[in-house]
Amino acid sequence: MGAASYGMLRLLLVNGFQPLEWFILPLFVILVLPIALSFWTAVFGFVIQLFGEDELSLSRSKVDLAAIDLHAFRSAIVIPAYNEDAIRLFAGLKATYQSVQQAGLLSHFDFFLLSDTTDVDTWIREEMAFDDLRHEVSDPERLFYRNRRQNVERKAGNIADFCATWGGNYRYMVVFDADSLMSGKSLGDLVRLMEAHPRIGILQTPPVAVNRQSLFGRVLQFATRAYGPMFIKGLNYWQAGESNYWGHNAIIRIQPFVEHCRLPKLPGKEPLGGSILSHDFVEAALMRRAGWKVYLVTELGGSYEEVPASLVGHAARDRRWCQGNLQHARLLTMPGLNWISRIHLAMGVMAYAASPLWMLMLFLSTAEGLRVAFGRHNYFPSPHSPFPVWHVSAATEAILLFSSVLSLLLLPKILSLVSWWIKQRSAMAGFGGPAKMTLSIVAEILFSILVAPVLAIIHSRFVLGTLLGSNVKWSAQDRGDVATDWSTALRWHLGLGLFGVVWLVLLWTKDPALLRWLAPVLIGWLLAIPFSVWTSRVAGGQWARRHGLFLTPEEMSPPSILRDFHEALSSASSRPWATARDGLDWVLKEPHVRSVHLSLLPSKASPADTLARHRLEGLRLKLRAHGEAALRPEEKRELLWDADSIESLKQA
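Source: prediction; values computed, not measured.

Draft legend 1. A look at the overall build of the protein chain. Looking only at helices and strands, the protein chain has 24 helices and ten strands in total. Across the 652 residues in the protein chain, those meeting the buried criterion constitute 54%. By sequence separation, contacts in the protein chain at least 24 residues apart represent 82% of the contacts at least 6 residues apart. For the protein chain, the accessible area works out to roughly 28,800 Å², and carbon and sulfur atoms hold 62% of it.

So this is what it looks like as structure tokens:
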């Protein structure tokens, strides 16, 4: 960081500081800081991979995990869901259940599907899929389902509701996302590690990205698998017991979580006030403030997740994360937080705030370049100076600066490749072999060069929208390989492409020298639309696979839980509940569906409030007179929550 900042200072001093340059230098220093931190994290990880395990790693502890008895308590696997595809959701649940059973640990775990689903049709599909699964497994009493009537505080509120309702029955909970998978052995090891280290509040596993077939998804999948192990070891080196929580694929000690990790309400209105959207970083910070440790378990495998299949899907997910992370800026001064927790929160803010700052620096740099191109050099800056001050070329300083920043960005990827070659060359077969893996890393670097400027603009738009009061909608994520059509790409990237054309023409005609430096940025903007469409397609991913690019070990030799997942996915697709139907109509016309739904309602009693009863009666009359099509989605949901309404309206 120091070398890069000094290089920028030398570059700006070549012909004397100009007014705009007083803003460029501090911006550059702020922006290089997180890049430098990431660089040194990678260096630490590289050294650890080459010369041995980190002394602070949990794997160094002299504890016989196999000797730890798990019979004294049970743990809960909790899966929050919001309007997810029931086929994918229950295939993942079934695969994890089977893996736990195969590991001989079924008596130690209960499974909770915590549905926040608001879409009526999806809600009833979830219930039927749950009923189907209960009839397939050996111990259905270990499966629990509930749909929450009020989606208070989103996922954090969903988990809090579980803790309040069932948490007292369990010592630990393993938090999943809807796309999470974890092997039974890994789940058992997580519980044993918690038992062996009674001051640990959260253990976070590093999940491996799997299952993507689109080109965009495969590149992300490959990058996390190829670079991830080294970065994870580096993170663990400087974080140790001050690690972070990523919101899923982690085990939590319930009692301290309930006592200390209740999220505060931020003053003011959303988007920057109200409920905290990105809960995980904050919960880790609160756990550490209470004196409990948070660890990243670098040595544990068997934990899996999925990544977005397209640039648009990636950006849509980032919109929610952006608002949540910007809220963290208001928590940086919270009393009692550990200084590393404050770094985590600040880095989360900078993950998105950096984009508009980079754009501002590009604008200022372009403006300064155009000022030099349009203006005249002042050879006599002082009227009393007898000697002229000549204009000096800054090409050497610019090249040195560019090289130093490029080194910070690219060396971690190169170090990762070197570590594979030196220490794990035989494991490179899982990436297609040393040559194919090397070629894939080169291609991933070129891919990143095109993606980075597009995401910078998208994130800048998100940040500005949040600061101006635009509140994110809580919507379900796209799971699976969902391709981007041309109209969607135009809606997302047309303005960016036109912006790139204007900037290109301006530099081409007024400052060709600066154009050479900004060419990678402009190329990314100009190609955003076709790039977004083509990389979202499975055909591109299949082409890459045929040529041995972006392969991962989990794809080349799938572990049993992934094989079971794909088998469950294929089987579920042919089930009666897999076909979309009108949920209310299904409940009213099918006795079995109605019976299942009523059995899963937490309360069978009609509301005591007189106005609520009259409203339900009005909805029943509306349905009888005009049919389901006349009801709004929220009205259908109200009827489905009332057992008396269902009984009075049933048609079979």
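Draft legend 2. Here's a closer look at the sheet that holds strand β2 (residues 109-115). With respect to topology, seven strands assemble into an open sheet ordered β3-β2-β1-β4-β8-β6-β9, the strand pairing being mixed. Of all the strands in the sheet, just β3 (143-147) and β9 (293-296) have a single pairing partner and so form its edges. Strand-to-strand twist across the sheet, computed as the mean angle between neighbouring axes with direction ignored, equals 20°. Here helix α5 (residues 154-165) sits on the sheet in contact with β1 (75-81), β2, β3 and β4 (172-175), set at roughly 145° to β1. On the sheet, helix α6 (residues 184-196) packs against β1, β2, β4, β6 (200-204) and β8 (250-253) and is oriented at approximately 155° with respect to β6.

Draft legend 3. A look at the sheet that holds strand β7 (residues 208-209). Strand order in the open sheet made by the three strands is β5-β10-β7, with mixed pairing throughout. At either end of the open sheet lies a strand with only one pairing partner, and these are β5 (181-182) and β7. Across two bridges, the pairing between β5 and strand β10 (residues 303-305) is antiparallel. Opposite Leu181, over in β10, you have Tyr304 as the bridge partner.

Draft legend 4. Quick peek at helix α4 (residues 120-136). With 17 residues, α4 extends 25 Å between its outermost C-alpha atoms, agreeing within 8% with the 24 Å of an ideal straight helix rising 1.5 Å per residue. Counting buried residues in α4 gives 13 out of 17 residues, a clear majority hidden from the surface. You can read the cap of α4 off the contacts: a side-chain oxygen lies 3.4 Å from the backbone nitrogen of Asp121, and it is on Asp119.

Draft legend 5. Broad picture of the packing of aromatic side chains. Taken as a whole and judged by the stated rule, the model has 22 aromatic pairs. Judged by centre distance (5.7 Å) and plane angle (75°), the ring pair of Phe73 and Tyr172 falls under edge-to-face. One end of the pair, Phe73, is in the loop between α2 (21-51) and β1; the other, Tyr172, is in strand β4, with 99 residues separating them in the sequence. For the pair Phe73 and Tyr172, a shared accessibility class is recorded, and that class is buried. Here the aromatic cluster, defined as three or more aromatic residues joined through ring pairs, consists of Phe112, Phe144, Phe162, Trp166 and Tyr170.

Draft legend 6. Layout of empty space enclosed by the protein. By the definition in use, this model includes four cavities of 30 Å³ or more. Each pocket or cavity is described by its volume, and for the largest cavity that value is around 110 Å³. Where the lining of the largest cavity is concerned, the elements lending two or more residues are α3 (86-102), α4 and α19 (560-572). By residue number, the principal contributor to the lining of the largest cavity is α4, which donates four residues. Looking at the lining of the largest cavity, its residues break down into seven nonpolar, one polar and four charged.

Draft legend 7. Summary view of the environment of Pro558. With respect to the helices, strands and loops of the structure, Pro558 is situated in the loop between α18 (553-556) and α19. In the structure, Pro558 is positioned 348 residues away from Val210 in sequence and 9.7 Å away in space, judged by C-alpha atoms. Those residues in contact with Pro558 that sit more than four places away from it in its chain are Pro553 and Arg563.

Draft legend 8. Structural context of the packing of helix α7 (residues 215-239) against helix α13 (residues 434-467). With their axes 10 Å apart at the nearest point, α7 and α13 run at an angle of 120° to one another. Relative to α13, α7 is oriented so that their crossing is left-handed. Contact residues: α7 offers Phe216, Val219, Leu220, Phe222, Ala223, Ala226 and Tyr227, while α13 offers Met437, Ser440, Ile441, Glu444, Phe447 and Val451. Classifying every residue of the contact of α7 with α13 by side-chain character gives eleven nonpolar, one polar and one charged.

Draft legend 9. Spotlight on the confidence of the model for the protein chain. Chain-level pLDDT for the protein chain is 87 on average; 88% of the residues reach the 70-or-more range. Per-element averaging of pLDDT across the protein chain places helix α1 (residues 2-13) at the bottom with 50 and β4 at the top with 98. This model gives residues 11-15 a pLDDT under 50, and the stretch forms 15 contacts once residues within four places in sequence are excluded.

Draft legend 10. Local environment of the pattern of salt bridges. Tallied over the entire structure, the rule returns 32 salt bridges. Residues Glu136 and Lys94 are paired through a salt bridge, measuring 2.5 Å at the closest nitrogen-oxygen approach. Taken as a pair, Glu136 in helix α4 and Lys94 in helix α3 lie far apart in primary sequence, 42 residues in all. Overall, the relative accessible area of 17% leaves Lys94 in the buried class. One salt bridge in this structure joins Arg288 and Glu242, with 2.5 Å as the shortest N-O distance. Remark: Glu242 occurs in the loop between α7 and β8 and Arg288 occurs in helix α9 (residues 279-289); sequence separation between them is 46 residues. Judged by relative accessible area, which is 12%, Arg288 ranks as buried. Within this structure, Arg74, Asp110, Asp139 and Arg142 form a network of salt bridges that share partners.

Draft legend 11. Seen up close, the environment of Gln221. Mapped onto the elements of the fold, Gln221 is located in helix α7. In the structure, Gln221 is positioned eleven residues away from Val210 in sequence and 6.4 Å away in space, judged by C-alpha atoms.

Draft legend 12. How the structure looks around the environment of Leu464. Turning to its location among the elements, Leu464 is positioned in helix α13. Among the residues examined, Leu464 registers a relative accessible area of 48% and is labelled partly exposed. For the pair Leu464 and Ala353, spaced 111 residues apart in the sequence, the C-alpha separation amounts to 9.3 Å.

Draft legend 13. Examining the state of the cysteines more closely. Summed over all chains, the structure comprises zero disulfides. Cys261 supplies the cysteine sulfur nearest to Cys163, a cysteine that is in no disulfide, at a spacing of 9.5 Å. Since its relative accessible area comes to 11%, Cys163 is described here as buried. Residue Cys261 is classed as buried on the basis of its relative accessible area, which comes to 4%.

Draft legend 14. View of unusual backbone geometry. Between Glu270 and Pro271 the backbone carries a cis peptide bond, its omega angle lying at 20°. You can see Pro271 is positioned in the loop between α8 (254-260) and α9. Although it is not a glycine, Asn83 sits at a positive phi angle of roughly 55°. Considering the arrangement of structural elements, one finds Asn83 in the loop between β1 and α3. If you check the backbone angles, Ala240 has positive phi at about 50° while not being a glycine. Looking at the element boundaries, Ala240 is found in the loop between α7 and β8. Taking relative accessible area as the criterion, Ala240 reaches 14% and is therefore assigned buried.

Analysis parameters
- Residues numbered from 1 in each chain as written.
- Predicted model: local features only at pLDDT ≥ 70, side-chain atom pairs only at ≥ 80, totals over all residues.
- Heavy atoms only, no water.
- Helix = DSSP H or I, 4+ residues; strand = E, 2+ residues; numbered from the N terminus.
- Buried < 20%, exposed > 50% of the residue type's maximum accessible area, 1.4 Å probe, protein only.
- Contact = heavy atoms within 4.5 Å.
- Areas by Shrake-Rupley, 256 points an atom, 1.4 Å probe, with all protein chains shown as cover.
- Pairing = 2+ DSSP bridges.
- Axes fitted to C-alpha atoms, helices over the stretch in contact; angles between N-to-C directions.
- Expected span 1.5 Å × (residues − 1).
- Polar contact = N/O pair within 3.5 Å; in protein donor to acceptor, adjacent residues only side chain to side chain.
- Phe/Tyr/Trp six-rings, centres within 6.5 Å; stacked < 30°, edge-to-face > 60°.
- 1 Å grid on protein atoms, 1.4 Å probe; cavity = no way out; pocket = protein on both sides within 12 Å on 5 of 7 lines; lining within 4 Å.
- Points joined across faces, edges and corners; volume = space filled by probe spheres on them.
- Nonpolar A, V, L, I, M, F, W, Y, C, P; charged D, E, K, R; others polar.
- Left-handed = near helix turned anticlockwise from the far one by under 90°.
- pLDDT = per-residue confidence, 0-100.
- Salt bridge = Lys/Arg side-chain N within 4 Å of Asp/Glu carboxyl O.
- Disulfide = S-S within 2.5 Å.

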